[in-house]
Number of protein chains: 2
Amino acid sequence: MKTDFLYIDISGKIARLIKDKVLKAGDRLPSVRMLCKEHNISMNTAKRVFWELEAQSLIESRPQSGYFVCQLPYQRLPLPALTNPLPSGRTSEPDELIRKVYSTMGKKDLTLFSIGAPAKEFLPLAKLNKEIVNATRALPASGTAYEQLQGNDLLRRMIAARAISWGGHLQEDDLITTAGGMNAISFCLMALTKPGDTIAMESPCYPGSLQLARSLGLKVMEIPTHPVTGLDIATLKNRIDKIDICLLVPNFNTPLGSCMPEENKKAVVKLLAKHNIPLIEDDIYGELYFGTHRPKCCKTFDREGNVLLCSSFSKTLAPGYRVGWVAPGKYKEQLLKLKLVHAISSSAITQEAIANFLKTGRYDHHLRKMRAMVQQNYIQYVNAVAEYFPADTRVSRPQGGLAMWVEFNRNVDTTALFDIAIKQKISIAPGRMFTLQHQYENCMRLSLGLLLTDEVRQKLKQLGKMVNMMI
Amino acid sequence: MKTDFLYIDISGKIARLIKDKVLKAGDRLPSVRMLCKEHNISMNTAKRVFWELEAQSLIESRPQSGYFVCQLPYQRLPLPALTNPLPSGRTSEPDELIRKVYSTMGKKDLTLFSIGAPAKEFLPLAKLNKEIVNATRALPASGTAYEQLQGNDLLRRMIAARAISWGGHLQEDDLITTAGGMNAISFCLMALTKPGDTIAMESPCYPGSLQLARSLGLKVMEIPTHPVTGLDIATLKNRIDKIDICLLVPNFNTPLGSCMPEENKKAVVKLLAKHNIPLIEDDIYGELYFGTHRPKCCKTFDREGNVLLCSSFSKTLAPGYRVGWVAPGKYKEQLLKLKLVHAISSSAITQEAIANFLKTGRYDHHLRKMRAMVQQNYIQYVNAVAEYFPADTRVSRPQGGLAMWVEFNRNVDTTALFDIAIKQKISIAPGRMFTLQHQYENCMRLSLGLLLTDEVRQKLKQLGKMVNMMI
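Because the structure is predicted, anything quoted here is derived from the model rather than measured. (Residues numbered from 1 in each chain as written. Chains lettered and ligands numbered in written order. Predicted model: local features only at pLDDT ≥ 70, side-chain atom pairs only at ≥ 80, totals over all residues. Heavy atoms only, no water.)

**Here's the deal with the overall build of chain A**
(1) Moving on: A count of helical and extended segments in chain A gives 15 helices and 16 strands.
(2) Moving on: At 22 Å, chain A has a C-alpha radius of gyration in line with the 23 Å of a compact globule built from 471 residues.
(3) Moving on: The principal-axis extents of the C-alpha atoms in chain A amount to approximately 65 × 55 × 45 Å.
(4) Moving on: Out of the 471 residues belonging to chain A, those deemed buried represent 62%.
(5) Moving on: Summarising the internal contacts of chain A: among those between residues at least 6 apart in sequence, 75% fall at separations of at least 24.
(6) Moving on: A total accessible area of about 18600 Å² is found for chain A, and carbon and sulfur atoms account for 51% of it.
(7) Moving on: The centroid of the 61 positive side-chain charges in chain A is displaced by 3 Å from the centroid of its 44 negative side-chain charges. (Helix = DSSP H or I, 4+ residues; strand = E, 2+ residues; numbered from the N terminus. Rg over C-alpha atoms; globule rule 2.2 N^0.38 Å. Buried < 20%, exposed > 50% of the residue type's maximum accessible area, 1.4 Å probe, protein only. Contact = heavy atoms within 4.5 Å. Areas by Shrake-Rupley, 256 points an atom, 1.4 Å probe, with all protein chains shown as cover. Lys, Arg positive; Asp, Glu negative; His and termini not counted. Charge placed at Lys NZ, Arg CZ, Asp CG, Glu CD.)

As structure tokens, this is what we get:
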């Protein structure tokens, strides 16, 4: 933790020098090695100082030359505005588009900017393999037996212990494991809604949640969302009488990457509890913060048991393991019944493997490393987008998570761009996927889960050329 | 295969001698060793000859003395009659009872006659463990990556290749993998029904299916079912106009253990296709036949793609792996969409492990061994029930699967028996669990998945005493 504060301290000081114009645009910064000596810090801490400044768009790196103060600090590309979703009258599901995009997944000859999962370079594969072997040894009947309904004891205990990091308090018995995060959300929605109910969500929104809601016969109300502060509370308040249930991703949601401030989280929890509207909170990106502290959850402020907190290890450890969980508050009995009738139990081996990985303390070490890698990847992406895409492009500045949102001018149609790009072996996630209305056609999501290697950078450059030809 | 025919040949000849009264009640049969010499066969074949005759209640074994022709061949305990389910007006879910019974699962100090899964003694644990390790080596990103939506290629190919054993024809692309068999059925029901629809099922019926149907808001129509020949076709025909969907377990269903004759399967498929009513066929017990041939499926006779065949490896390999599948016929697109929104993908490692286990050919070897073990266990149970329970007890004679149905006289209340038995560390599955109506209160299911060791036999004897005190 000491390291965390050190790099923030030092980067804060340098940032002040830049803002006070002591350091001016174009000025060269000391080398990493120099910074180490000056402050008596490690190479890693020195690197994080520079990444932090780069994330704030205050400095930029030039190959073979080092770091320089940016020409236009803070403003190289503007942020997208608060979204303004169309009313839900003209709902039309982008099924065909989603099918097209999903059919590119797993194809090895494609560059998948559309991917929703972390690249394997981010994941501790060797250590997980070892835990899988250990799990077959430790479990009764080698993991072939049905597990108890609520899920692996140790895993639930380890998840409960981590609640302290987001200011929450959970016990083993408050948790139910599931086959991944979407499975948790699907159980919540099946337990608490009936066809015809209205569900409020952020807009733009993860396509899987939109499709899930539609498949259960729900009406989707898309709420305006800010790329930095997330859901617009005022709109939620205005429409509260029409809402039966609410599904939010308050921390680093996909595709915007926004993170709701604490006071907004508090306000939403209070508002929904007052109207007895259950809140399903999807926190799968919460651990992937770039700053010094994990953001709190809505669940942190839940006094009534009205928040169903869902998460998984799919974004931080192993998507293919299908291990997720829900802390369903006062809805626990309904959730348990749902799990029993739809799934009987969860996959025993992968749960046990993750439980033991957590128990060894390796998870925190892994997360620290992964956060730094994703943050650096993000910086590379922001800079590359600024370099290759039109000057009027807007881009979100997530402070965590695996997604950033790119907004072009109105002439660019990203659905058409998909068809052009796929011919050059590039798959993108067009904005239209993230809504049920005819909107966001000039936007796309970029995934921070794909490492921006030189090869991938070339593909992004190619994509930039295609966009430039459309404007 | 030669062995299979040999033991049937020889047991057939002995059976004729008994029926023709050449061998009379109380006569001693030759020893296993003698039989080997006489027919020039292996010990295993000789043992199977005796088991086969024992399964037909023609002979019985006496400790230290050998096999003897039975006192009352075929009739020691009568079969239950065709069930006569109450009309669905007075539906009441046995939730509380089911919760009580399920809460005993996995408790090591209890004898679980209520268990629904095969004991670990039946399963090839060491070989599966090896395949788990191989899977982490063979899979991309060690199995941490999202798998393709439809499921593991090799696994689907291996399942398709096995279709020949039930007279079917499937290709890899006809199959979708799921997280266990109930997950497959749950996707089918979610894809094809809406609340208020009526579903026809056998009665008594697996409680999980009843609960699943109720949780989706379906009306359940319980159809009379015969302990040998299964669903009563005449009743189905009479009520066909009121039915929206049908869920059947034609082969060795739980709890009755019945197996529909081929002509009945044909008739059901034809009838439902004519009325455009989808048939979900649950075949999880199909591989566990005691005879020489695997029974066919309804799917075998499906020309219209109207049968959604569901199965899993939970009854034959590894309940805790959660690997199941569905061959959804013409409903494939709907099923794929359901899987995408509710689960994204299946657990990669356990699917790969089972796929490779199948590929090595070990599965057939394992099944041959497991069938013989389960059959012998069944024989022991039938004989033990005849010995320890009241003389007017009726018992089903499954020719495969993991369940048998025991019917006491009207004075016995098995729901009350559960409460009494649990105090002596015995858990049973009362008949009331298997219906939504107030019936089968004098019945219970015994599981052939629990090995009848000496210790378990003592518990069954204890249970018999409790029943005798109730009559």
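**Structural notes on the pattern of salt bridges**
(1) Moving on: Evaluated as defined, the whole model comprises 38 salt bridges over all chains.
(2) Moving on: Glu333(B) is the salt-bridge partner of Arg99(A), the closest N and O atoms lying 3.0 Å from each other. With one member in each of two chains, Arg99(A) in helix 4 (residues 95-102) and Glu333(B) in helix 11 (residues 332-343) form a pair that bridges those chains.
(3) Moving on: With relative accessibility at 46%, the residue Arg99(A) sits in the partly exposed group.
(4) Moving on: A salt bridge links Lys296(B) to Glu262(B), with the nearest nitrogen and oxygen atoms 3.6 Å apart. Highlighted residues: Lys296(B) in the loop between strand 9 (279-282) and strand 10 (307-312) and Glu262(B) in helix 10 (residues 262-274), separated in sequence by 34 residues. (Salt bridge = Lys/Arg side-chain N within 4 Å of Asp/Glu carboxyl O.)

**Here we look at the side chain of Thr235(A)**
Residues and elements named next belong to chain A.
(1) Moving on: As for its position among the elements, Thr235 is in helix 9 (residues 233-238).
(2) Moving on: Take Thr235: its relative accessible area is 13%, and that puts it in the buried class.
(3) Moving on: Here the side chain of Thr235 touches Asp232 through a polar contact of 2.5 Å, side chain to side chain.
(4) Moving on: Look past the residues within four positions of Thr235 in its chain and what remains in contact with it is Ile223 and Pro224. (Polar contact = N/O pair within 3.5 Å; in protein donor to acceptor, adjacent residues only side chain to side chain.)

**A closer look at the packing of helix 2 (residues 32-39) of chain A against helix 3 (residues 43-55) of chain A**
Residues and elements named next belong to chain A.
(1) Moving on: Viewed as axis vectors pointing N to C, helix 2 and helix 3 meet at an angle of 110 degrees, and their least axial separation amounts to 9 Å. On the basis of the axis angle, helix 2 is roughly perpendicular to helix 3. Of the two elements, helix 2 crosses helix 3, and the hand of that crossing is right-handed. Where helix 2 abuts helix 3, its residues Val32, Leu35 and Cys36 lie against Met43, Ala46, Lys47, Val49 and Phe50.
(2) Moving on: Tallied by class, residues from the contact of helix 2 with helix 3 come to seven nonpolar, no polar and one charged. (Axes fitted to C-alpha atoms, helices over the stretch in contact; angles between N-to-C directions. Parallel < 35°, antiparallel > 145°, perpendicular 65-115°, else oblique. Left-handed = near helix turned anticlockwise from the far one by under 90°. Nonpolar A, V, L, I, M, F, W, Y, C, P; charged D, E, K, R; others polar.)

**As for the environment of Gly181(A)**
(1) Moving on: Its location among the elements puts Gly181(A) in helix 7 (residues 181-192).
(2) Moving on: A C-alpha to C-alpha distance of 5.2 Å links Gly181(A) and Ser311(A), two positions 130 residues apart in sequence.

**Details of unusual backbone geometry**
All names here are of chain A.
(1) Moving on: Residue Pro255 is bonded to the preceding Thr254 through a cis peptide linkage, with omega at 5 degrees.
(2) Moving on: Position of Pro255 relative to the elements: it lies in the loop between strand 8 (245-248) and helix 10 (262-274).
(3) Moving on: Phi angles above zero are rare outside glycine, and Asn40 is one such case at about 55 degrees.
(4) Moving on: Not every positive phi belongs to a glycine, and Ile344 is a case in point at roughly 65 degrees.
(5) Moving on: With respect to the element layout, Ile344 can be found in the loop between helix 11 (332-343) and helix 12 (348-359).
(6) Moving on: A residue is classified by how much of its surface remains accessible, and Ile344, at 15% relative accessible area, is buried.

**Points about the sheet that holds strand 12 (residues 394-395) of chain B**
Residue and element names in this part refer to chain B.
(1) Moving on: Strand order in the open sheet made by the four strands is 12-13-16-15, with antiparallel pairing throughout. Each edge of the open sheet carries a strand with a single partner, namely strand 12 and strand 15 (429-430).
(2) Moving on: One ladder, built from two bridges, connects strand 12 with strand 13 (residues 403-407); its direction is antiparallel. Residue pairing in the sheet places Arg394 in a bridge with Glu407 of strand 13. (Pairing = 2+ DSSP bridges.)

**Notes on the relation of the copies chain B and chain A**
(1) Moving on: By a simple turn and slide, chain B fits onto chain A: the slide is 0.0 Å along the axis, the RMSD is 0.1 Å, and the turn is 180 degrees. Expressed as an axis order, the relation between the two copies is that of a two-fold axis. Closest approach to the rotation axis among the C-alpha atoms of chain B is made by Val133(B), whose C-alpha sits 3.2 Å away.
(2) Moving on: A symmetric contact is evident, with 100% of the interface residues of chain B recurring at the interface of chain A. (Least-squares fit on C-alpha atoms with pLDDT ≥ 70 in both.)

**Section: the state of the cysteines**
All names here are of chain A.
(1) Moving on: Summed over the entire model, instances satisfying the criterion amount to zero disulfides over all chains.
(2) Moving on: The structure places no disulfide on Cys297, whose sulfur is separated from the nearest cysteine sulfur, that of Cys298, by 7.6 Å.
(3) Moving on: Of all cysteine sulfurs, the one in Cys188 lies closest to Cys310, which takes part in no disulfide; the gap is 3.7 Å.
(4) Moving on: Of the residues examined, Cys310 reaches a relative accessible area of 1% and is grouped as buried. (Disulfide = S-S within 2.5 Å.)

**Digging into the domain arrangement of chain A**
All names here are of chain A.
(1) Moving on: Here chain A is partitioned into domain 1 (3-71), domain 2 (77-122 + 364-470) and domain 3 (126-361).
(2) Moving on: Between the C-alpha centres of domain 1 and domain 3 there is a distance of 37 Å.
(3) Moving on: In this complex, domain 1 contributes six residues to the contact, which on the side of domain 3 involves four residues.
(4) Moving on: Between domain 1 and domain 3 lies a buried interface of about 280 Å² when both sides are counted; carbon and sulfur atoms form 58% of it.
(5) Moving on: In this structure, the connection of domain 1 to domain 3 is made through zero salt bridges. (Domains from an automatic or database assignment. Buried area = accessible area lost by both parts, 1.4 Å probe.)

**Observations regarding the sheet that holds strand 13 (residues 403-407) of chain A**
(1) Moving on: Spatially, the four strands line up as an open sheet ordered 12-13-16-15 (chain A), and their pairing is antiparallel. Looking at which strands have only one partner, the edges of the open sheet turn out to be strand 12 (394-395) and strand 15 (429-430) of chain A.

**Side note on the interface of chain B and chain A**
(1) Moving on: In this assembly, 51 residues from chain B lie in contact with 51 residues from chain A.
(2) Moving on: With both chains or domains summed, chain B and chain A bury close to 3900 Å², and 61% of this area falls on carbon and sulfur atoms.
(3) Moving on: Of all residues in chain B, Thr144(B), Tyr146(B) and His342(B) bury the most surface against chain A, accounting for 17% of the area lost on that side.
(4) Moving on: There are six salt bridges connecting chain B and chain A.
(5) Moving on: We note a salt bridge from Glu93(A) to Lys337(B), for which the minimum N-O separation is 3.7 Å.
(6) Moving on: Counting across the chain B and chain A interface gives 18 residue pairs in polar contact (both at pLDDT 80 or more).
(7) Moving on: In terms of residue class, the side of chain B that touches chain A is built from 26 nonpolar, 17 polar and eight charged.

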